[in-house]
Structure formats: structure tokens, C-alpha cells
Amino acid sequence: MQAKQIGLLIGSVVVAALVAYAIGTVGLGGDGPQDGGGGNLPEYHIYLQARQFAFNQTSIQVPVDHRIVVHLTTADVAHGFGVSELGVDIVASPGQEAVASFDVTSPGTYTFRCTEPYCGSGHPLMTGTLIVS
Ligand SMILES: [Cu+2]
């Protein structure tokens, strides 16, 4: 009786381990898209504040092979952040954060600029450099 109970116990543990392994394997498979190569890059967040007529950072360095997440706020009127080559264009209104994300998979240097032309007379001055390296 005692031996039988131990046998049952060991059997249960083995079954539980197999089930856990199977769930783990299936679970990983379910996350599959990231195995395809184009999938989930690690995120790199940048926090920008715009005001008339500048950004708080004029040169931003970000790491290649990352998903860049830009958080834009404004200290006064609505301002934008755009990088035309990367297809990014967001506008932050006062009191509201605008967020955009884009993948950078090769090194390069880009100009970012305000994309809200009605932010004021100094709008054309609102540019900066985004360096992917
Ligand atoms: Cu502007």
C-alpha cells in the first residue's frame, strides 16, 4: 500500500512536469511572431518636450535594432514631432502626451522637426537631429 502510494505520487509528479513542459512549449510557440526576424525589437523610449520654439533635446542618439518610442509633450501650444523618412508624425496638445513608435534597423542620421505649422512664427526653427547608431 505504501509503495503503491509512492508510485502514484511519483507518477503524478512526472505527469505534472510533462504537462508543464507541454504548456511551456506551446506558450513559447504562441509568441511565435518574434521568431520571424521582423518581430519584436527591444523598446527604447525617448521623452521630448517642445516649446516655442525648440525641443528640449536637439540631438537624440538611439540604438540601432530597436523600436523607438517617442513621448512628446508641450510646454505651451501644440507642437509636433516628425521624421518623414521614418513615417513618423505626431502632434502633442497642451496637457496631453503624444506617443509614436517606429523601428530603426540600420544606422543613419535623420532630421526631426515640428509638424504643427501653426505653433508660431518660429516653427521653422524647430528641428533636431536623430542619430541611429
Ligand atoms: Cu511648429
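Refer to the preceding data block for the structure.
**A word on the overall build of the chain**
Logical step 1: If you tally the helices and strands in the chain, you get one helix and nine strands.
Logical step 2: Going from the N terminus to the C terminus, the chain shows its helices and strands as α-β-β-β-β-β-β-β-β-β.
Logical step 3: Here the contacts in the chain between residues at least 6 apart in sequence split such that 63% fall between residues at least 24 apart.

**Digging into the sheet that holds strand β2 (residues 54–55)**
Logical step 1: Spatially, the four strands line up as an open sheet ordered β2-β1-β4-β7, and their pairing is mixed. In the strand order of this sheet, the two ends are held by β2 and β7 (98–104), each with one partner.
Logical step 2: As paired strands, strand β1 (residues 43–51) and β2 are joined by two bridges and run antiparallel to one another. Bridge assignment links R51 to a residue of β2, and that residue is A54.

**Section: the pairing of β1**
Logical step 1: Sheet topology note: the β1/strand β4 (residues 66–74) ladder contains eight bridges and is parallel. Within β4, the residue paired with E43 across the bridge is R67.
Logical step 2: The antiparallel hairpin formed by β1 and β2 contains two residues in its connecting segment.

**Observations concerning unusual backbone geometry**
Trans peptide bonds make up the majority, and among non-glycine residues the majority have a negative phi.
Logical step 1: The step from Q52 to F53 runs through a cis peptide bond, and the omega angle for that step is 5°.
Logical step 2: Along the chain, the position of F53 falls in the loop between β1 and β2.
Logical step 3: For D65, which is not glycine, the phi dihedral falls at a positive 60°.
Logical step 4: Looking at where D65 falls in the secondary structure, it is placed in the loop between β3 (59–62) and β4.
Logical step 5: For D65, a count of 13 C-beta atoms within 10 Å corresponds to the partly exposed category.

Criteria and cut-off values
- Residues numbered from 1 in each chain as written.
- Predicted model: local features only at pLDDT ≥ 70, side-chain atom pairs only at ≥ 80, totals over all residues.
- Helix = DSSP H or I, 4+ residues; strand = E, 2+ residues; numbered from the N terminus.
- Contact = placed C-beta atoms within 7 Å.
- Pairing = 2+ DSSP bridges.
- Buried ≥ 20, exposed ≤ 12 C-beta atoms within 10 Å, placed from the backbone.

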